[in-house]
Amino acid sequence: GDLNNLIQSDSLNNITYKLNEFSSDSIIQYILYNIDSSFKNFHDYEEKILNGIERYNYLFNEKNDVKIGTFYSNFNATVMEADNIIWIGLDMYLGAEHTITKNLPPSIPQYYKNKMESKFLVTDVLFGYIMTKQFKLIGDDMISRMLSYGKMAYLLEILAPNENIAERFRYNEEELNWCEENEYYIWKHLIDEQLIYSKDQAKINSFFIEGPFTKSLGPDSPSNIGIWIGYKMIKDFANTNCKNIYEILEENNVQTLLSTYDPK
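Now for a description of the structure that goes with this document. (Residues numbered from 1 in each chain as written. Predicted model: local features only at pLDDT ≥ 70, side-chain atom pairs only at ≥ 80, totals over all residues. Heavy atoms only, no water.)

This next bit is on the overall build of the protein. Check the secondary structure of the protein and you find 15 helices and three strands. The C-alpha radius of gyration computed for the protein amounts to 20 Å, which stays within 12% of the reference 18 Å derived for 264 residues, consistent with globular compactness. A principal-axis box enclosing the C-alpha atoms of the protein has dimensions of 60 × 45 × 30 Å. Buried residues in the protein amount to 52% of all 264 residues. (Helix = DSSP H or I, 4+ residues; strand = E, 2+ residues; numbered from the N terminus. Rg over C-alpha atoms; globule rule 2.2 N^0.38 Å. Buried < 20%, exposed > 50% of the residue type's maximum accessible area, 1.4 Å probe, protein only.)

Taken as a whole, this structure holds 14 aromatic pairs when the rule is applied. Taken together, a centroid distance of 5.8 Å and an interplanar angle of 80 degrees make the contact between Tyr72 and Phe75 edge-to-face. No difference in accessibility class separates Tyr72 from Phe75, as the two residues are buried. With 5.2 Å between their ring centres and 40 degrees between their planes, Tyr149 and Phe208 make a pair best called tilted. Taken together, the residues Tyr149 in helix α8 (residues 142-159) and Phe208 in the loop between α12 (201-205) and α13 (225-241) connect sequence positions 59 residues apart. Each member of the pair, Tyr149 as well as Phe208, carries the same accessibility label: buried. (Phe/Tyr/Trp six-rings, centres within 6.5 Å; stacked < 30°, edge-to-face > 60°.)

It is worth spelling out α13 at this point. For an α-helix, 3.6 residues make a turn, and residues three or four places apart therefore share a direction. End to end, α13 covers 24 Å across 17 residues, agreeing with the expected 24 Å (1.5 Å per residue, within 8%). Most of α13 is tucked away, with 13 of its 17 residues classed as buried. Cys242, located one to two residues past α13, shows a positive phi value of around 50 degrees. (Expected span 1.5 Å × (residues − 1).)

Another point: the pattern of salt bridges. Scanning the entire structure with this criterion turns up 12 salt bridges. Where Lys48 meets Glu163, a salt bridge forms, and the shortest distance between an N and an O atom there is 3.9 Å. Here Glu163 lies in the loop between α8 and α9 (165-168) and Lys48 lies in helix α4 (residues 42-60), a separation of 115 residues in the sequence. For Lys48, a relative accessible area of 44% corresponds to the partly exposed category. The buried category is assigned to Glu163, whose relative accessible area is 13%. For Arg168, the salt bridge identified is with Glu157, shortest N-O distance 2.5 Å. Of this pair, Arg168 sits in helix α9 while Glu157 is found in helix α8, placing the two residues 11 residues apart along the sequence. Accessibility classification places Arg168 together with Glu157 in one group, the buried group. Several salt bridges share partner residues, and in doing so they unite Asp124, Arg170 and Glu210 into one network. (Salt bridge = Lys/Arg side-chain N within 4 Å of Asp/Glu carboxyl O.)

Contact geometry for α4 and helix α7 (residues 121-134): axes closest at 9 Å, N-to-C directions at 30 degrees. Taken together, the axis directions place α4 and α7 in an arrangement best described as roughly parallel. Between α4 and α7 lies a crossing whose hand is right-handed. Seen from α4, the contacting residues are Phe42, Tyr45, Lys48, Ile49, Gly52, Ile53, Tyr56 and Phe60; seen from α7, they are Leu121, Val122, Val125, Leu126, Tyr129, Ile130, Lys133 and Gln134. (Axes fitted to C-alpha atoms, helices over the stretch in contact; angles between N-to-C directions. Parallel < 35°, antiparallel > 145°, perpendicular 65-115°, else oblique. Left-handed = near helix turned anticlockwise from the far one by under 90°. Contact = heavy atoms within 4.5 Å.)

Without other data, these values stay purely geometric and don't point to any function.
In structure tokens, the structure reads:
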């Protein structure tokens, strides 16, 4: 149903996923069949997402009546929102080991394929949702971006308390462990390299983009460390001062938010 409705005919011509022995049309049929069989229990995902949005509505006294739709995105989009429907591109969650994912062209890098897992689906949707509703950049330096994203990661924890912490950051367990074990080292690196108050957008971006790792922290580090560190800062601030989510979202003084941070 939902899947077929969203396939535009022009995507048949420039389909990214090519298997020589199939025509474009049967490739799509093949992908749709695999999506359907992989997500027979999609209702479970939907319920978790809607629970998170219900919590959001309760917290912020809003009445967002959202519906969930699924579609085949031609390997271009995980989540899109239009007319109160959140559309989820299920082709992006077939699993790293799935034949379709493995046969995607090299234009989709391996580190990205590794994360095409259904365990990230619920938190991807909820994180995208709160980014559109609540995200405010409190300044244009590294620390401001970290704290701004950290607030969103902290809010995500409130909306999806049962989701695994690693998954909320699109990490696997090894990546999360690396962050936990190296938190002090990451913080020291930011200080030593004078990155904390840096406004160099290229340097800032390298801590907030998907990739095989964070360039200046070496090949063992995961990507997106800026969000994780920001979350740790906000969590320390919330716990030390017993602050609620409203106070956290309203506090935009970087020094205040940073004053309680204790990198372990």
